[in-house]
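Residue-level structure breakdown
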Amino acid sequence: MTTPTRDTIVAFLADIFERRGDEEYLGEPVTMAEHMLQGAHFAEQAGESEILIVATLLHDIGHFTSEFGTFSMADTEDRHHEEAGAQVLEAFFPKLVTDCVRYHVAAKRYLCATRPDYFDALSEASIHSLNLQGGPMTKAEVSEMNQNPNIQDIVQVRLYDDQGKVAGLKTPAFAHYAPMVQRVVDAHLGAS
């Protein structure tokens, strides 16, 4: 598919889910698409706003769009999928969405530093990636993260991210969220 436009961004994202969604999700018992759809499902079930549901749905899109490829348990360096994803989305989505994508990895590091029990709940794959991503934040990094006006939403997307690892859980497909994704794009870019 060619570079997306406002009119094709939802189809572009749907195509990514269709073509690449069955790929393994970082040593977890779900595929990449299952992981992202489960996060969005949990956000929707919790009554979150459409913008936060969309941010959760798209938080790991950079695994598919990064020029550095997807993460594996054999990696010895981080692949920065969060930045790759945010760069793909920032022309179409509001800062809240791109911040949630860009900082969901930082949010894991943040939570490990600010909630001691959070680390204990991480999976083996999540601990491996945490180590590649710099480990728990320092006090200075936590202070800087707290300056982001979207910190609460970023952390909430991270928590939905962590929930999206349930083998066999049935959720709606991307098509269920497509109109929601388009509404968020349209609200951000204004009427055409």
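Here we summarise the structure given alongside this text. Worth saying up front: this structure is predicted, and the values here are computed from it rather than measured. (Residues numbered from 1 in each chain as written. Predicted model: local features only at pLDDT ≥ 70, side-chain atom pairs only at ≥ 80, totals over all residues. Heavy atoms only, no water.)

**Some details on helix H2 (residues 32-45)**
In a regular helix each residue adds 1.5 Å, so 14 residues correspond to 20 Å; H2 covers 20 Å between its end C-alpha atoms and thus fits that length. Within H2, 10 of the 14 residues are buried, leaving the element largely enclosed by the surrounding structure. One or two positions beyond H2, positive phi appears at Gly47, with a value near 80 degrees. (Helix = DSSP H or I, 4+ residues; strand = E, 2+ residues; numbered from the N terminus. Expected span 1.5 Å × (residues − 1). Buried < 20%, exposed > 50% of the residue type's maximum accessible area, 1.4 Å probe, protein only.)

**Remarks on helix H9 (residues 124-132)**
Looking only at H9, the buried set comprises Ala125, Ser126, Ser129 and Leu130. Down the axis, H9 shows its buried residues gathered within 140 degrees of arc, on one side only. Relative to its buried face, H9 has exposed residues pointing more than 90 degrees away, namely Glu124 and Asn131. Buried residues along H9 sit against helix H7 (104-114), helix H8 (116-120) and helix H11 (151-163). Downstream of H9 by a residue or two, Gly134 has a phi angle that is positive, lying close to 115 degrees. (Arc of directions from axis to C-beta. Contact = heavy atoms within 4.5 Å.)

**Here's the deal with the nonpolar core**
If you look at the biggest cluster of nonpolar residues, it comprises 54 residues, and the most contacted ones within it are Leu13, Phe17, Leu57 and Phe93. In terms of residue count, the dominant contributor to this core is helix H12 (residues 174-189) (7 residues). (Core = buried A, V, L, I, M, F, W, Y, C linked by side-chain atoms within 4.5 Å.)

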